[in-house]
Amino acid sequence: MTTGRCEDPARTIRRPAPDRAARPRPSPTINHLTHRELEVVDGLVRGLTNKQIGQELGISHRTVEIHRARLMRKLGAATLAGLLGIVLPQRDRIDALIAEQAKARA
């Protein structure tokens, strides 16, 4: 019985459209992170554990894990090392953004 579909797996692989493949991907930036996410990133950059970050910020380590997971999703990082690879080149902006957001809140 024929289903009308191609049975050859090599022919069923989808490839991105040529115009999408040619477009360069923008590098992830920390400019659009929330104040709390920036505070968590600051702790990660300093090498703190989730528990230590939580104690500093007055939140549970589980909440830190949730913020960290959101950071990774927003910045497109699959691992902590990948996240730090994205964030470390922008670390000079972290303190500035935290200060800007704190000033805007006041």
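Nothing here was measured: the structure is a model prediction, and the numbers come from that model.

Undergrad: What am I meant to see in the overall build of the protein here?
TA: Helix and strand counts for the protein come out as 7 helices and 0 strands. Going from N to C terminus, the protein has its helices and strands arranged as α-α-α-α-α-α-α. Counting every position in the protein, which comprises 106 residues, the buried fraction comes to 25%. Total accessible area computed for the protein in this model is approximately 7,900 Å², and 53% of it derives from carbon and sulfur atoms.

Undergrad: Help me out: how do you make sense of the environment of Ser60 in this one?
TA: Among the structural elements, Ser60 can be located in the loop between α4 (50-57) and α5 (61-75). The class of Ser60 is partly exposed, set by a relative accessible area of 36%. Spatially, the C-alpha atoms of Ser60 and Asn50 are 8.5 Å apart, while their sequence positions differ by 10 residues.

Undergrad: Looking at this structure, I do not really get the confidence of the model for the protein. What am I missing?
TA: Close reading of the predicted structure is inappropriate where its pLDDT is low. A residue-level look at the protein finds 75% of positions with pLDDT of 70 or above and a mean pLDDT of 85. Highest mean pLDDT in the protein belongs to α4 (98); lowest belongs to helix α2 (residues 18-22) (57).

Undergrad: Got a minute to help me understand helix α7 (residues 91-105) in this structure?
TA: Side chains three or four residues apart in an α-helix point the same way, a direct result of the helix having 3.6 residues per turn. Compared with the 21 Å implied by 1.5 Å per residue over 15 residues, the 22 Å span of α7 between its first and last C-alpha is a close match. Of all the positions in α7, only Ile94, Leu97 and Ile98 are classed as buried. Taken end-on, α7 shows its buried residues confined to a sector of 105 degrees, consistent with a single buried face. Of the exposed residues in α7, those oriented more than 90 degrees away from the buried face are Asp92, Asp95, Lys103 and Ala104. The inward-facing, buried residues of α7 abut α3 (35-45) and α6 (80-87).

Undergrad: I tried to follow the pattern of salt bridges on my own but got confused; where do I start?
TA: Tallying each qualifying case throughout the model produces 6 salt bridges. The closest approach of N and O atoms between Arg36 and Glu39, which form a salt bridge, is 3.0 Å. You can see Arg36 and its partner Glu39 sitting in helix α3, 3 residues apart, about one turn around the helix. In this structure, Arg93 and Glu100 form a salt bridge, with 4.0 Å as the shortest nitrogen-oxygen distance. Residue Arg93 is classed as partly exposed on the basis of its relative accessible area, which comes to 32%. Linked by salt bridges that have partners in common, Asp42, Arg46 and Glu56 make up one network.

Undergrad: What should I look at first to understand the nonpolar core in this one?
TA: It is characteristic of soluble globular proteins that their nonpolar side chains tend to be buried jointly. The biggest cluster of nonpolar side chains holds 18 residues, and the ones touching the most others in it are Ile30, Leu71, Leu83 and Val87. Contributions of two or more residues to this core are made by α3, α5, α6 and α7. Once you skip the residues sitting within four places of it in the chain, Val87 turns out to touch Ile30, Val41, Val45, Leu75 and Ile94.

Undergrad: Which parts of the structure should I look at to understand α6?
TA: What α6 keeps buried is the set Leu83, Ile86 and Val87. The buried residues of α6 occupy an angular sector of 90 degrees when projected down its axis, which confines them to one face. Considering only its buried residues, α6 is in contact with α3, α5 and α7.

Scoring rules and cut-offs
- Here the residue numbering is sequential within each chain, running from 1 through the sequence in written order.
- Where totals are concerned, whole chains, interfaces and linings use all residues; where local detail is concerned, this predicted model gives features only for residues with pLDDT of at least 70, and gives and counts side-chain atom pairs only at 80 or more.
- Calculated side-chain values reflect all of the structure's heavy atoms, with hydrogen atoms and water omitted.
- Helix numbering and strand numbering both begin at the N terminus, where a helix is a DSSP run of H or I of at least 4 residues and a strand a DSSP run of E of at least 2.
- Each residue is placed in one exposure class: buried if its accessible area under a 1.4 Å probe, protein chains only, is under 20% of its type's maximum, exposed if it is over 50%, and partly exposed if it falls in between.
- For accessible areas, the Shrake-Rupley method is used with a probe of radius 1.4 Å. Any residue's cover is judged against the shown protein chains and nothing else.
- What pLDDT conveys is the predictor's confidence in a given residue, as a value from 0 to 100.
- Expected span, for any helix, means 1.5 Å times one less than how many residues it has.
- Working definition: the arc comes from the directions between the helix axis and the C-beta atoms, pointing outward to the latter.
- Contacts are residue-level and defined by heavy atoms, with any inter-residue pair within 4.5 Å sufficient.
- By convention in these notes, a salt bridge is any Lys or Arg side-chain nitrogen within 4 Å of a carboxyl oxygen on Asp or Glu.
- Grouping buried Ala, Val, Leu, Ile, Met, Phe, Trp, Tyr and Cys residues that are joined through side-chain atoms within 4.5 Å yields what is termed a nonpolar core.

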